[in-house]
Amino acid sequence: MPNTTIKSYHRTKIDYIRDSEEITGRAGYVLNIITGCRHRCPYCYARTMVLNGRLQGHRSYPYGFEPTYHPDRVGPIGGKKKFLFLNDMGDVGGEWAWRIFGSSLTVEPEDIADAMREFAGENPKHICLLLTKNPAWFRYGPWPDNVYCGFTATNNRELQERLTEILKHVPADKVWMSLEPWQDDEAPMIPTPVAWITIGGLSGINPTPVSPATMEWLENNRVEIPRFVKANSGWDGIRKEYPDTW
Ligand code: SF4
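Report on the accompanying structure. On a predicted model such as this, the values are computed, not experimentally measured, just so you know.

### Examining the site of the ligand
- The environment of the ligand is formed by C37, H39, R40, C41, C44, A46, R47, G90, D91 and K133.
- Here the residues of the shell around the ligand sort into 4 nonpolar, 2 polar and 4 charged.

### Observations regarding unusual backbone geometry
- In the segment running from G141 into P142, the intervening peptide bond is cis, with an omega of 10°.
- With respect to the secondary-structure elements, P142 resides in the loop between β7 (127–132) and β8 (147–152).
- We note that R40 has phi near 60°; this positive angle belongs to a residue other than glycine.
- Looking at the secondary structure, you find R40 in the loop between β2 (34–35) and α3 (45–52).
- Judged by local crowding, R40 falls into the exposed class, with 8 C-beta atoms found within 10 Å.

### Section: the environment of L105
- Relative to the helices and strands, L105 is located in the loop between β5 (98–100) and β6 (106–107).
- In the structure, L105 is positioned 26 residues away from L131 in sequence and 24 Å away in space, judged by C-alpha atoms.

### Section: the pairing of strand β10 (residues 196–199)
- A two-sided burial pattern is seen for β10, the buried positions comprising W196 and T198 on one face and I197 and I199 on the other.
- Across 4 bridges, the pairing between strand β9 (residues 175–179) and β10 is parallel. Bridge assignment links L179 to a residue of β10, and that residue is I199.
- Where β10 lies against strand β11 (residues 227–229), 3 bridges are found, and the strand directions are parallel. What sits directly across from I197, in β11, is R227.

### What about helix α4 (residues 109–122)?
- Here α4 spans 20 Å end to end across 14 residues, near enough to the 20 Å set by a 1.5 Å rise per residue.
- Listed in full, the buried residues belonging to α4 are P109, I112, A115, M116, F119 and A120. Mapping the buried residues of α4 onto a view down its axis gives an arc of 130°, with all of them on the same face.
- Residues of α4 that are buried make contact with β2, β3 (68–69), β5, β6, β7 and β8.

### Some details on the sheet that holds β3
- Taken in spatial order, the 4 strands of this open sheet run β2-β3-β5-β6, and their pairing is mixed. The two strands at the open ends of the sheet, each matched to only one other strand, are β2 and β6.
- Relative to β6, β5 runs antiparallel, the two sharing 2 bridges. Paired with W98 across the two strands is V107, which belongs to β6.

### Things to note about the nonpolar core
- Residues L84 and L86 are the most contacted members of the largest nonpolar core, which totals 56 residues.
- Ignoring any residue separated from it by four or fewer positions in sequence, one finds L84 in contact with Y9, Y29, L31, H126, I127, C128 and L129.
- Grouped together as the second largest cluster of nonpolar side chains are 6 residues, C37, A46, Y61 and F65 included.

### Focus on the sheet that holds strand β4 (residues 82–85)
- Ordered by their spatial adjacency, 7 strands build an open sheet running β1-β4-β7-β8-β9-β10-β11, and the pairing between neighbours is parallel. Looking at strand neighbours, the two that pair on one side only are β1 (27–30) and β11, the edges of this open sheet. For this sheet, the mean angle separating the axes of adjacent strands, direction not counted, is 20°.

### Let's talk about the environment of Y61
- Structurally, Y61 can be placed in the loop between α3 and β3.
- Its 20 C-beta neighbours within 10 Å are what place Y61 among the buried residues.
- For the pair Y61 and T35, spaced 26 residues apart in sequence, the C-alpha to C-alpha distance is 7.9 Å.
- Setting aside residues up to four positions removed in sequence, Y61 forms contacts with T35, V50 and L55.

### What to know about helix α6 (residues 212–220)
- Every buried residue belonging to α6 is among T214, W217 and L218, and all of these are buried. In a view along the axis of α6, the buried residues occupy a sector of 100°, so they form one face of it. Among the exposed residues of α6, those pointing more than 90 degrees away from its buried face are P212, E216, E219 and N220.
- Where α6 is buried, its residues touch β11.
- Positive backbone phi, approximately 50°, marks N221, located one or two places after α6.

Criteria and cut-off values
Residue indices begin from 1 for each chain and proceed along its sequence in written order. Residues qualify for local features only when their pLDDT is at least 70, as the model is predicted, and side-chain atom pairs are given and counted only at 80 or more; totals for whole chains, interfaces and linings, by contrast, use all residues. Any residue qualifies as near a molecule or strand once its backbone-derived C-beta atom lies within 6 Å of it. Think of it as three bins: nonpolar holds Ala, Val, Leu, Ile, Met, Phe, Trp, Tyr, Cys and Pro, charged holds Asp, Glu, Lys and Arg, and polar takes everything else, Gly as well. Put simply, DSSP marks the helices as runs of H or I at least four residues long and the strands as runs of E at least two long, and each gets a number from the N terminus on. Here the C-beta atoms are placed from the backbone, and a residue counts as buried if at least 20 other C-beta atoms lie within 10 Å of its own, exposed if 12 or fewer do, and partly exposed otherwise. At least two DSSP bridges between two strands are required for those strands to pair. A helix's residues, less one, multiplied by 1.5 Å, set its expected span. Within this analysis, the arc is defined by the directions that extend from the helix axis to the C-beta atoms. Contact criterion: two residues are in contact if their C-beta atoms, reconstructed from the backbone, are within 7 Å. Definition of nonpolar core: a set of buried Ala, Val, Leu, Ile, Met, Phe, Trp, Tyr and Cys residues joined via C-beta atoms within 7 Å. Note on definitions: angles span 0 to 180 degrees between N-to-C directions of axes, and those axes are lines fitted to C-alpha atoms, for helices only across the stretch in contact.

Okay, here's the thing in structure tokens:
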């Protein structure tokens with residue numbers, strides 16, 4: 001397996017990755033072993049960047065935003081302990097055929113799980129984040145200890161359904177929730193403690209903060225789970241928390 005080069009992972013403006021080093025000592029990077037997605041969320045910044053923005057025509061996206069697996073990015077990464085988001089430009093749990101970068105062949109969702117597991121196994125000192133709207137995909141575990149399995153939710157219905165699903169496959173202390181853009185009038189209702197929460201509002205041309213009830217929830221810190229509150233939440237406090245074990 002080739003040694004992964006600095007060109008394969010890079011700094012990011014995603015604040016909970018960018019700010020990791022000042023809190024945990026682990027520098028944060030995005031890697032993108034997979035790219036692309038077919039969910040078509042209306043708020044998707046990744047899709048817009050690839051199809052209409054600064055990544056249009058980029059050599060990493062020869063198939064546009066079609067789901068693509070980049071096998072050359074699976075390999076050991078040296079240096080200090082890092083915090084690596086393995087799929088900020090696509091949904092790792094997509095239940096579709098994935099094109100292999102530079103090939104006419106495809107691989108299946110379980111092959112993507114194997115690749116992520118292989119990467120994590122080759123990089124045991126780095127924390128690896130995975131994120132999906134489809135937590136049923138985590139059934140392709142087991143997942144190494146350095147992998148944190150994440151799902152996104154924008155309202156309480158999604159949160160309850162997806163939390164129930166992910167806990168069938170992953171222990172709660174290895175689960176993180178990306179509550180962004182949080183669009184529920186109510187604050188998040190979290191029945192089971194998980195490892196970590198990130199929460200934010202809607203970015204882009206029509207930025208929208210989280211609801212007043214959610215602001216109040218943020219203010220009063222009613223849940224004993226480490227939380228990173230994104231600037232786009234609109235909340236005027238600062239909370240940049242990460243799990244102690246990181
Ligand atoms: S799941 Fe993520 S990558 Fe896919 S369309 Fe939605 S926001 Fe974009």
